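Okay, here's what each chain looks like letter by letter:
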Amino acid sequence: MKHQTVNQLQNIAEVEPLSTYPIMTRQQRIERWAKLLAEHPERRLGALTGTEHLKREARDTVRCEGSPITVAFEDPVLRALGLKDDTYGEAKRFFELTDWQLHDVVCSCHVGTTMRGQWAAARLRRTTGGNRFFNWLRERMWH
């Protein structure tokens with residue numbers, strides 16, 4: 001096998017990067033989502049109902065048209081990075097969130113049937129940042 005530079009290869013083949021988007025860490029993906037929510041602070045978003053009462057299989061398939069998760073799924077960058085749909089389970093997987101963390105951001109028990117974009121952004125940042133011990137303790141108490 002002969003070593004060739006990218007410039008040499010471009011003369012004989014089409015060379016394209018694997019992705020046009022950089023790989024993002026968990027925190028970078030979450031911050032992008034929060035930024036998308038905050039860009040339209042007054043946008044009314046739908047809340048998911050009773051996520052804490054559903055069995056895991058049902059909870060993972062729950063979605064709501066126009067939810068905070070939908071905002072993430074509308075973003076071409078997050079989709080290119082692997083966000084497959086706007087279900088609760090997919091958001092939990094893609095953003096590497098616990099049930100408690102995602103519930104705290106998207107569930108109707110905190111806000112009723114709708115929430116503002118700025119509220120969802122602030123809640124997402126507060127829930128995923130902050131005191132790790134407190135977050136761990138809340139997760140244990142929630143189950």
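Details of the structure are given in the entry above.
Student: So what exactly am I meant to see when it comes to the nonpolar core here?
Tutor: For soluble globular proteins, nonpolar side chains are generally found buried alongside one another. Formed by 27 residues in total, the largest nonpolar core has its most connected members in Trp33, Leu37, Leu78, Phe95, Leu102, Val106 and Leu124. Elements with a minimum of two residues in this core: α2 (26-38), α4 (68-74), α6 (88-94), α7 (99-106) and α8 (117-128). Looking at which element gives the most residues to this core, the answer is α2, with five residues. When sequence neighbours within four positions are dropped, the list of residues in contact with Leu37 reads Leu45, Pro68, Val71, Gly117, Gln118, Ala120, Ala121 and Leu124.

Student: Which parts of the structure should I look at to understand the state of the cysteines?
Tutor: Between two cysteines, a covalent bond joining their sulfur atoms is known as a disulfide. The tally for this structure, following the rule as stated, stands at zero disulfides. Cys109 supplies the cysteine sulfur nearest to Cys107, a cysteine that is in no disulfide, at a spacing of 3.8 Å. Relative accessible area serves as the criterion here: at 1%, Cys107 is assigned to the buried category.

Student: Help me understand the side chain of Thr128, please; the structure alone is not making it clear to me.
Tutor: Positionally, Thr128 belongs in helix α8. Accessibility expressed as a relative area gives 11% for Thr128, which makes it buried. In terms of polar contacts, Thr128 uses its side chain to reach the backbone carbonyl oxygen of Leu124, at 2.8 Å. Filtering out sequence-adjacent residues up to four positions away, Thr128 remains in contact with Arg26, Gln27, Ile30, Leu97 and Gln101.

Student: What exactly am I supposed to notice about α2 here?
Tutor: With 13 residues, α2 should cover 18 Å at 1.5 Å per step; its first-to-last C-alpha distance of 18 Å lies within 8% of that length. Each element contacted by the buried residues of α2 is listed here: β1 (44-46), α4, α5 (76-80), α6, α7 and α8.

Student: Just checking my understanding: could you explain the packing of α7 against α8 for this structure?
Tutor: Helix packing for two helices is described by the angle between their axes and how far apart those axes are. In the contact formed by α7 and α8, the axes pass within 8 Å of each other and the chain directions differ by 160 degrees. Between α7 and α8, the interaxial angle falls into the category roughly antiparallel. Crossing geometry of α7 relative to α8 is assigned as right-handed. Between α7 and α8, the contacting residues are Trp100, Gln101, Asp104 and Val105 on the first element and Trp119, Ala120, Arg123, Leu124, Arg126, Thr127 and Thr128 on the second. Classifying every residue of the contact of α7 with α8 gives five nonpolar, three polar and three charged.

Student: Please clarify how the environment of Glu65 should be interpreted in this entry.
Tutor: Mapped onto the elements of the fold, Glu65 is located in the loop between α3 (56-61) and α4. Separated by 22 residues in the primary sequence, Glu65 and Thr87 place their C-alpha atoms 9.9 Å from one another. A polar atom in the side chain of Glu65 sits 3.2 Å from the side chain of Arg63.

Cut-off values and rules
- Residues numbered from 1 in each chain as written.
- Predicted model: local features only at pLDDT ≥ 70, side-chain atom pairs only at ≥ 80, totals over all residues.
- Heavy atoms only, no water.
- Core = buried A, V, L, I, M, F, W, Y, C linked by side-chain atoms within 4.5 Å.
- Buried < 20%, exposed > 50% of the residue type's maximum accessible area, 1.4 Å probe, protein only.
- Helix = DSSP H or I, 4+ residues; strand = E, 2+ residues; numbered from the N terminus.
- Contact = heavy atoms within 4.5 Å.
- Disulfide = S-S within 2.5 Å.
- Polar contact = N/O pair within 3.5 Å; in protein donor to acceptor, adjacent residues only side chain to side chain.
- Expected span 1.5 Å × (residues − 1).
- Axes fitted to C-alpha atoms, helices over the stretch in contact; angles between N-to-C directions.
- Parallel < 35°, antiparallel > 145°, perpendicular 65-115°, else oblique.
- Left-handed = near helix turned anticlockwise from the far one by under 90°.
- Nonpolar A, V, L, I, M, F, W, Y, C, P; charged D, E, K, R; others polar.

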